[in-house]
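Residue-level listing of the chains:
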Amino acid sequence: MVDSMRVILADDEPLARQRLRRLLGDEDGVELVAECEDGPGTLEAVLRLAPELLFLDIQLPELDGFGVLAGIPPDRMPLVIFVTAYDQHALRAFEVRALDYLVKPFDAERLHGALVRARRELAASTSRADQSRLSDLVRHLATEQRELERTLLRSGDRFLQRVMLRTQGRVFFIRTADIDWIEAAGNYVRLHSGKEAHLLRVTMNALEHRLDPEHFLRIHRSTIVNIERVRELHPWPSGEYTVVLRDGNRLKLSRGFRERLAERMGSVL
């Protein structure tokens, strides 16, 4: 196996980077050459530093993890370990293509196993073929994403009344009126309805344009809320607000979206 690996970690959460840095510090033969907090910085660092291994969060600002990989030439693609807050069902498409994925929170033993696998792959003659397959997967996902968005936008109704979901071999529908809030998840969105959450493979912007603005409002770059579910607003000294839903969920309201929400709620923030 390879004795030493040059590693880049990319995550927009400082505490997540700190924890992963600490865990990597307990591993022999790991040289952390860069930490990145957004997509463009990650892409630049990979192209400049040529690491052997990249720990990549999918949901990065400005350019998500998929966009980062799409910008790396196949012959310069490092081994990739996805780091995500979402479970294996959301990422099973990557299971045979990426080297590994770590679902937060993961422990030292799980990380060590991923690093052992990385060393083996780097020592194997097939590692470059695996990286090429990862590049092929990224291109395939981008094509599939565009087609799904076109399908969504071709719907006959001006605004969506229901959304079709595919999961674990079945197809079902959820009414948009039953959606409490929506969060961005990389090139996906996660629909929250009651105690359930469903992944939809479409971008936040594409879905926002198909939701009735009388009922849904964007309150953050990564959050859309059903206005009917808003119970109250809590101000913070920083000038931002927390949106509290009827079910108790608390969502961040960004300053840039504050006036729109105040207008819709008939109040002044």
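The structure we're discussing is the one just above.
Fair warning: this is a prediction, and the values are worked out from it, not measured in the lab.

On to the overall build of the protein chain, then. On a plain count of helices and strands, the protein chain comes out with 7 helices and 15 strands. In the protein chain, which comprises 269 residues, the proportion classed as buried is 46%. Within the protein chain, contacts between residues separated by at least 24 positions form 56% of all contacts whose residues are at least 6 apart in sequence. Split by element, the accessible area of the protein chain, about 14,200 Å² in all, is 48% carbon and sulfur.

In this section: the sheet that holds strand 9 (residues 188-193). Spatially, the 5 strands line up as an open sheet ordered 10-9-8-12-11, and their pairing is antiparallel. Pairing within the sheet leaves two strands with one partner each, and these edge strands are strand 10 (196-200) and strand 11 (216-220). Across the sheet, the axes of successive neighbouring strands diverge by a mean angle of 25 degrees, strand direction being ignored. Summarising the sheet, strand 8 (residues 181-185) and strand 12 (residues 223-226) pair through 3 bridges and their orientation is antiparallel. Note on strand 12: the bridge partner recorded for Glu-183 is Thr-223.

Moving on, we get to the environment of Leu-217. Turning to its location among the elements, Leu-217 is positioned in strand 11. A C-alpha to C-alpha distance of 8.1 Å links Leu-217 and Arg-260, two positions 43 residues apart in sequence. Leaving out residues up to four positions away in the same chain, Leu-217 has contacts with Thr-223, Ile-224, Val-225, Ile-227, Arg-260, Leu-261 and Arg-264.

This paragraph deals with the sheet that holds strand 4 (residues 79-84). With parallel pairing, the 5 strands of this open sheet are ordered in space as 2-1-3-4-5. If you trace the sheet from one side to the other, it starts and ends with strand 2 (30-36) and strand 5 (100-103), each paired once. Within this sheet the neighbouring strands show an average axis-to-axis angle of 20 degrees, counted without direction. For strand 4 and strand 5, the ladder comprises 4 bridges, and the chain directions are parallel. Within strand 5, the residue paired with Phe-82 across the bridge is Tyr-101. The strands that helix 1 (residues 14-25) touches are strand 1 (5-10), strand 2 and strand 3 (53-57); relative to strand 2, the one it contacts most, it runs at about 170 degrees. Along the sheet, helix 4 (residues 108-123) makes contact with strand 1, strand 2, strand 3, strand 4 and strand 5, crossing strand 5 at roughly 165 degrees.

Calculation rules
- Residues numbered from 1 in each chain as written.
- Predicted model: local features only at pLDDT ≥ 70, side-chain atom pairs only at ≥ 80, totals over all residues.
- Heavy atoms only, no water.
- Helix = DSSP H or I, 4+ residues; strand = E, 2+ residues; numbered from the N terminus.
- Buried < 20%, exposed > 50% of the residue type's maximum accessible area, 1.4 Å probe, protein only.
- Contact = heavy atoms within 4.5 Å.
- Areas by Shrake-Rupley, 256 points an atom, 1.4 Å probe, with all protein chains shown as cover.
- Pairing = 2+ DSSP bridges.
- Axes fitted to C-alpha atoms, helices over the stretch in contact; angles between N-to-C directions.

No statement about biological role is implied by the geometric values presented.
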